[in-house]
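# Residue-level structural notes
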Amino acid sequence: VKLALGWAAWKMYLGRSELNGARTNAMETLGAALGSNQRSAEALPVFEATLALKQRYWSDNKDHILQIQGNIALCLSNLGRRDE
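Description of the structure in this document. Keep in mind the model is a prediction, meaning the values are calculated, not measured.

With that out of the way, let us pick up the side chain of Ser-40. Along the chain, Ser-40 falls in helix α3 (residues 40-57). Within polar-contact distance, the side chain of Ser-40 engages the side chain of Asn-78 at 3.2 Å. With residues up to four places along the chain from it excluded, the contact list for Ser-40 reads Leu-34, Cys-75, Asn-78 and Leu-79.

Set out below in structure tokens:
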């Protein structure tokens, strides 16, 4: 169910501006849903894109950026890419 909701949120907000917080939140929701369904290879680029947007437009939100970096680290670990 979480994965279906993640995809639905992404489709709903895809056409919005990069500055739209709902779009970025939808990306995070999709990444989290993919990750929780053992789809780390698919979640990784979603989290990387989300991180790039957060660093570009919301760089003052260090806690949130750290959380996304943690999600990326978890994906990399799940993929056996621990050196990255």
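Back to the text.
Another aspect to go through is the packing of α3 against helix α4 (residues 62-78). Taken N-terminus to C-terminus, the directions of α3 and α4 make an angle of 155°; their axes are 9 Å apart at the nearest point. One element, α3, and the other, α4, form an angle in the roughly antiparallel class. The handedness of the crossing between α3 and α4 is left-handed. Counted together, Ser-40, Ala-43, Leu-44, Phe-47, Glu-48, Thr-50, Leu-51, Lys-54 and Gln-55 of α3 and His-64, Ile-65, Ile-68, Gln-69, Asn-71, Ile-72, Cys-75, Leu-76 and Asn-78 of α4 form the full contact between these two elements. Classifying every residue of the contact of α3 with α4 by side-chain character gives 9 nonpolar, 7 polar and 2 charged.

Parameters at a glance
Residues numbered from 1 in each chain as written. Predicted model: local features only at pLDDT ≥ 70, side-chain atom pairs only at ≥ 80, totals over all residues. Heavy atoms only, no water. Helix = DSSP H or I, 4+ residues; strand = E, 2+ residues; numbered from the N terminus. Polar contact = N/O pair within 3.5 Å; in protein donor to acceptor, adjacent residues only side chain to side chain. Contact = heavy atoms within 4.5 Å. Axes fitted to C-alpha atoms, helices over the stretch in contact; angles between N-to-C directions. Parallel < 35°, antiparallel > 145°, perpendicular 65-115°, else oblique. Left-handed = near helix turned anticlockwise from the far one by under 90°. Nonpolar A, V, L, I, M, F, W, Y, C, P; charged D, E, K, R; others polar.

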